[in-house]
Amino acid sequence: MVKEKIAEALINGDVEKGKELAKQALDEGVSAKEVLDEGVLSGMEVIGERFKNFEVYIPEVLQSAAVMNEVMEVLKPALAEIEEGESSTKGTVVLGTVEGDMHDIGKNLVALMLEGAGFKVVDIGIDQPASKFVEAVEKEKPQVVGMSALLTTTAPKILEVEEALKKANLRDKVKTMAGGAVIDQDFVDKNGVDAYGPSATAAIEITQKLVSEVKNNAS
Amino acid sequence: MQVNQVHNATPQFAVLSRDECEMIFRAALEIMETTGGRFLNDEAIELFKNSDALVEDGNLVKIPAFMTRRALNDSPEKITLCSRDGKRSVRLGRNEVHFGTGSDCPFIYDRETGKRRRYTRKDVNDAARVVDALPNYDFFMSHGLASDVEHDETYDRHQFMAMVKGTSKPLIVTAVDGEGLKDLHEMAIAFCGSEDNFRVAPRFGVYIEPSSPLAHGDTSLEKLLYCAEKSIPVIYTPCPSAGATAPATLAGMLAQTLAETLQGLVLAHLKKPGLPIIMGGVVTVMDMKTSNYCYGAPELSLSSAALTDVSKYLNIPMFSTGGCTDSRIVDEQAALEATISLETAFLSGAGLIHDAGYLDSGLNGSLEMLVLCDEIIGMVKHLGRGIKVNEEYLAADVIDEVGPGNNFLRTSHTLKHYKDEFYFPTLLDRHNIETWKAKGEKILNDHINARLDEILGGHEPEPLPEDVEKKMQDIIDRADKKVASQKS
């Protein structure tokens with residue numbers, strides 16, 4: 001019951017209610033994993049679906065994400081215990097806007113969608129040189145690296161990230177994806193990037209595909 | 001004889017009252033004093049540290065209102081942009097309107113294959129020739145981004161060459177960074193003779209963007225400071241999207257936009273007083289379904305017209321937006337969005353109206369759309385002529401002479417006035433259905449393509465003297481060599 005209510009609070013964008021219910025759930029002995037899967041992620045799934053159908057717009061999605069983040073804060077200590085044993089996420093994605101580019105809205109939307117879909121997202125921020133992407137990959141061991149560029153002048157920096165990952169012998173351990181106003185399939189193909197996403201919602205499917213490719217390669 | 005007569009020589013249009021303009025200006029001053037802005041450039045921070053501005057947290061600059069007032073007082077209210085031969089064809093004063101393109105679209109539809117592909121130097125040159133040929137365009141921005149260059153770092157020089165060779169109309173340029181702008185300036189001096197000649201009769205203005213909200217990037221500031229030093233006209237124009245990089249309320253977006261432009265102006269003033277600054281901004285909304293930055297939204301036109309009112313209040317020329325669309329192709333959506341923005345921007349009296357010919361939310365620099373917008377601008381300009389009301393034009397005597405039940409076709413009054421009073425479309429079809437069918441049932445896109453083929457096949461712009469072209473090419477080669485040696 002309380003799990004459905006958490007999902008409902010998330011859908012309604014009610015931060016206080018979400019926090020309160022999460023605490024209550026843990027007190028009642030519901031496992032953090034269950035709250036995450038059947039409360040948070042199922043709520044985000046509904047919002048994601050409604051957004052796809054234009055029943056809600058971006059500000060509502062952001063508000064639901066805010067609830068998600070607060071609930072996750074409550075769950076964190078309990079989740080940490082679980083993670084010792086098994087991974088609770090579907091995969092890890094490092095995201096950043098390339099060097100010289102200050103734009104973060106598109107990247108943030110992608111981060112939000114991926115978090116809502118159950119991925120762990122490490123957002124390294126805007127204006128990030130290739131070396132920072134490499135550092136993050138070394139530290140976080142993600143399956144996917146996402147690069148964002150809005151400007152025609154900064155799009156070539158995506159190539160620098162690709163090169164830097166190769167030099168650091170990390171390129172075959174991850175799949176890469178790129179997005180942003182000036183990026184298209186053609187650009188991605190020419191520059192050796194693995195995938196292109198035309199929108200934040202498209203990022204979910206692409207990430208799922210890339211993550212499973214990496215996991216299959218590894219196994 | 002009549003007394004106390006008031007004539008509207010042209011239609012009257014305003015969004016904001018004087019009081020509302022003042023409220024927006026004061027809100028901008030408040031933002032500049034309290035919130036401040038980030039300046040990511042060492043020279044800029046040095047200049048602010050040696051002034052009355054507060055510099056906090058390394059690069060956060062808060063500017064007291066009196067500094068803004070001082071910078072505004074020293075800025076010219078009249079700016080001129082000249083054609084290649086020095087003709088002063090774009091005179092920016094109150095309610096003097098000029099139309100032109102936008103710049104740096106990455107994509108174009110190939111006219112042979114119909115496929116979307118990257119812009120080339122030849123495409124930029126084609127766009128320049130189209131604007132050169134069409135009568136309703138007053139200035140040219142590159143329209144597309146020349147991507148068929150060896151080094152991205154020097155694309156601006158190659159692009160400028162393609163622009164200059166394609167049209168002699170006044171230009172507004174974009175540059176990669178301070179060094180790039182310096183090279184463009186030097187290239188322009190090659191055809192105007194000297195730095196002084198350029199200063200007195202500027203052959204281009206420079207388009208520079210801060211990053212909303214309230215941040216100013218390193219290369220933007222390099223360019224701004226170079227313009228201040230050399231008195232090159234600057235369009236310092238934010239591109240906020242309400243709800244995302246600015247408040248969702250349009251008044252809030254305008255206050256923030258103005259603060260961003262004025263922050264740049266104060267910095268330029270510290271470098272050297274008197275920068276010819278043109279304010280503006282592509283002030284629009286983020287579509288909350290798609291996160292699209294909207295080029296065809298009515299909010300764009302409403303906000304731009306309001307910002308134009310503020311520009312008149314401050315006596316700074318305005319750079320507004322029109323003739324662009326979110327539609328991915330030249331279709332009904334493109335035509336209606338472009339029409340609304342061109343007409344609104346025109347009636348608001350903005351000095352420069354840019355982005356005519358943009359498709360695909362600013363990603364596609366269409367040549368077909370340029371041709372279509374030329375016709376729309378022609379019609380819009382006709383609206384701006386207003387209606388002459390006097391004895392000759394009231395024509396009571398002619399009406400009396402013709403009398404009830406007859407017609408005016410054969411009167412000398414009709415012969416004398418119809419050409420002047422009527423608009424003659426170049427693309428629009430007014431044939432009756434039988435003639436239209438007999439002429440092949442052509443639709444607007446057919447007429448656009450025919451006109452475009454005619455221009456691209458036949459129009460030759462004023463050629464660039466060989467020695468000038470060589471001088472300009474030498475500057476490009478020098479820049480390319482420098483980048484190549486840095487890379488190796």
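Counting its secondary structure elements, chain B contains 18 helices and 19 strands. Here the C-alpha radius of gyration of chain B, 24 Å, is about what a compact globule of 488 residues would show, namely 23 Å. Summarising its shape, the C-alpha atoms of chain B cover approximately 80 × 55 × 50 Å along the three principal directions. Burial analysis of chain B (488 residues in total) assigns 55% to the buried set. In chain B, once contacts between residues fewer than 6 apart in sequence are set aside, the share between residues at least 24 apart is 74%. Within the structure as shown, chain B displays about 21800 Å² of accessible surface, and the carbon and sulfur contribution to it stands at 51%. Here chain B carries 51 positive and 72 negative side-chain charges, and the mean point of each set is 3 Å from the other.

For the rest of this paragraph, the subject is the domain arrangement of chain A. Residue and element names in this part refer to chain A. When the domains of chain A are assigned, the result is domain 1 (2-87) and domain 2 (90-218). Contacts between the two partners involve ten residues from domain 1, matched on the other side by nine residues from domain 2. In total, about 720 Å² of surface goes out of reach between domain 1 and domain 2, with carbon and sulfur atoms giving 80% of it. Per-residue buried area on domain 1 facing domain 2 is highest for Leu41, Phe51 and Met68; these three make up 39% of the total on that side. In this assembly, domain 1 and domain 2 are joined by zero salt bridges. Taken together, the links from domain 1 to domain 2 amount to zero residue pairs in polar contact (both at pLDDT 80 or more). Elements that contribute at least two residues to the side of domain 1 that touches domain 2 include exactly helix H3 (32-52) and helix H4 (58-85). Here the side of domain 1 that touches domain 2 takes six residues from H4, the largest share from any one element. Grouping the constituent residues of the side of domain 1 that touches domain 2 by class yields eight nonpolar, one polar and one charged.

Turning next to the side chain of Ser304 of chain B. On the secondary structure map, Ser304 of chain B appears in helix H10 (residues 298-314). Sequence-distant contacts of Ser304 of chain B, defined by excluding residues within four places in its chain, comprise Val283, Met318 and Ser320 of chain B.

Across the boundary between the two partners, chain A contributes 15 residues, which contact 20 residues of chain B. Summed over both sides, the interface of chain A with chain B buries roughly 1400 Å², with 74% coming from carbon and sulfur. In terms of surface lost to chain B, no three residues of chain A exceed Met102, Ile105 and Thr152 of chain A, which account for 32% of the buried area on that side. For the pair chain A and chain B, the interface holds two salt bridges. The closest approach of N and O atoms between Asp184 of chain A and Arg116 of chain B, which form a salt bridge, is 3.9 Å. At the junction of chain A with chain B, the criterion picks out three residue pairs in polar contact (both at pLDDT 80 or more). Its residues assigned to classes, the side of chain A that touches chain B comprises twelve nonpolar, two polar and one charged.

This brings us to a nonpolar patch on the surface. Residues and elements named next belong to chain B. Side chains of Phe13, Val15 and Leu302 sit close together on the surface and give an oily, nonpolar patch of about 220 Å² of accessible area. Secondary-structure assignment places Val15 in the segment before helix H1 (18-35). You can call Val15 partly exposed: its relative accessible area is 31%.

Glancing now at the environment of His103 of chain A. Mapping His103 of chain A onto the fold places it in the loop between strand S1 (92-97) and helix H5 (105-116). His103 of chain A has contacts with Thr97, Ile126, Leu150 and Leu151 of chain A, leaving out every residue within four places of it along the chain.

Moving on: the sheet that holds strand S16 (residues 318-321) of chain B. Residue and element names in this part refer to chain B. Read across the sheet, seven strands follow the order S6-S17-S16-S14-S12-S10-S9 without closing on themselves; strand pairing throughout is parallel. Whereas interior strands pair on both sides, the edge strands pair on one side only; in this sheet they are strand S6 (98-101) and strand S9 (171-173). Each strand of the sheet is rotated relative to its neighbour by a mean of 30 degrees, with strand direction disregarded. Summarising the sheet, strand S14 (residues 277-280) and S16 pair through two bridges and their orientation is parallel. Among the inter-strand pairings, Gly280 is bridged to a residue of S16, identified as Phe319.

Moving on: the pairing of S1 of chain A. All names here are of chain A. Within S1, six of the six residues are buried, which leaves the element mostly enclosed by the surrounding structure. Going residue by residue along S1, you find Thr92, Val94 and Gly96 tucked away on one face and Val93, Leu95 and Thr97 tucked away on the opposite face as well. Note: S1 against strand S2 (residues 120-123), four bridges, orientation parallel. Opposite Val93, over in S2, you have Val121 as the bridge partner. The parallel pair S1 and S2, bridged by H5, forms a crossover whose chirality is right-handed. Note: S1 against strand S3 (residues 144-148), five bridges, orientation parallel. By the bridge assignment, Gly96 is partnered in S3 with Met147.

The next subject is helix H9 (residues 250-271) of chain B. With 22 residues, H9 of chain B extends 32 Å from end C-alpha to end C-alpha; this agrees with the ideal 32 Å at 1.5 Å per step. Of all 22 residues that make up H9 of chain B, 17 are buried, and the element is covered over most of its length.

Moving on: the packing of aromatic side chains. Residue and element names in this part refer to chain B. Applying the stated criterion to the full structure yields ten aromatic pairs over all chains. With centroids separated by 4.8 Å and ring planes inclined at 65 degrees, the aromatic side chains of Phe39 and Phe48 adopt a geometry described as edge-to-face. The pair formed by Phe39 and Phe48 is uniform in burial state, with each residue classed as buried. Aromatic side chains Tyr207 and Phe319 sit 5.9 Å apart centroid to centroid with 55 degrees between the ring planes, which places their arrangement in the tilted category. Here the residue Tyr207 occupies a position in strand S10 (residues 204-208), and Phe319 occupies one in strand S16, the gap between them amounting to 112 residues. A single burial state applies to Tyr207 and to Phe319, both of which are buried. Three or more aromatic residues link up through ring pairs in this structure, and these residues are Phe160, Phe198 and Phe204.

The rules behind each value
Residue indices begin from 1 for each chain and proceed along its sequence in written order. For this description, chains carry letters from A and ligands carry numbers from 1, given in the order in which they are written. Reporting in this predicted model follows two pLDDT cut-offs: at least 70 for local features of residues, and 80 or more for side-chain atom pairs to be given and counted; totals over whole chains, interfaces and linings ignore these cut-offs and use all residues. Note: side-chain values were computed over all heavy atoms of the structure, leaving out hydrogens and water. Helix and strand assignments follow DSSP, with helices taken as H or I runs no shorter than four residues and strands as E runs no shorter than two, numbered in order from the N terminus. In this description the radius of gyration comes from C-alpha coordinates, and the expected globular size is given by 2.2 Å times residues to the power 0.38. For every residue, the accessible area obtained with a 1.4 Å probe (protein chains only) is divided by the maximum for its type, and the residue is called buried under 20%, exposed over 50%, and partly exposed between those limits. Between two residues, a contact is recorded if the distance between any of their heavy atoms is within 4.5 Å. Only the protein chains shown count as covering a residue, and every accessible area follows the Shrake-Rupley method with a 1.4 Å probe. His residues and chain termini do not enter the charge count, which takes Lys and Arg as positive and Asp and Glu as negative. Note that the charge is assigned to NZ on lysines, CZ on arginines, CG on aspartates and CD on glutamates. Boundary definitions for the domains trace back to an automatic or database domain assignment. What gets called buried area is simply the loss in accessible area from a 1.4 Å probe that two parts show on being joined, summed for both. Take a side-chain nitrogen of Lys or Arg and a carboxyl oxygen of Asp or Glu: if they are within 4 Å of each other, that pair is a salt bridge. Two N or O atoms count as a polar contact when they lie within 3.5 Å, although within protein this holds only if one can serve as hydrogen donor and the other as acceptor, and sequence-adjacent residues are included solely when both atoms are side-chain atoms. Note on residue classes: Ala, Val, Leu, Ile, Met, Phe, Trp, Tyr, Cys and Pro are nonpolar, Asp, Glu, Lys and Arg are charged, and everything else, Gly too, is polar. Patch membership is restricted to residues that have no salt bridge and whose relative accessible area is over 30%. Joining uses 9 Å for like charges and 5 Å for the nonpolar side chains Val, Leu, Ile, Met, Phe, Trp and Tyr. One requirement defines pairing of two strands: DSSP has to find at least two bridges between them. Angular values range over 0 to 180 degrees, each being the angle between N-to-C directions of two axes fitted as lines to C-alpha atoms, with helices fitted over their stretch in contact. Here the term right-handed applies to a crossover when the path leading from its first strand over the helix to its second strand runs clockwise, the strands being oriented away from the viewer. In a helix, the anticipated span is given by 1.5 Å times the number of residues less one. For Phe, Tyr and Trp, rings pair up if their centres lie within 6.5 Å, where Trp contributes its six-membered ring, and each pair is then called stacked (planes under 30 degrees apart), edge-to-face (over 60) or tilted (otherwise).

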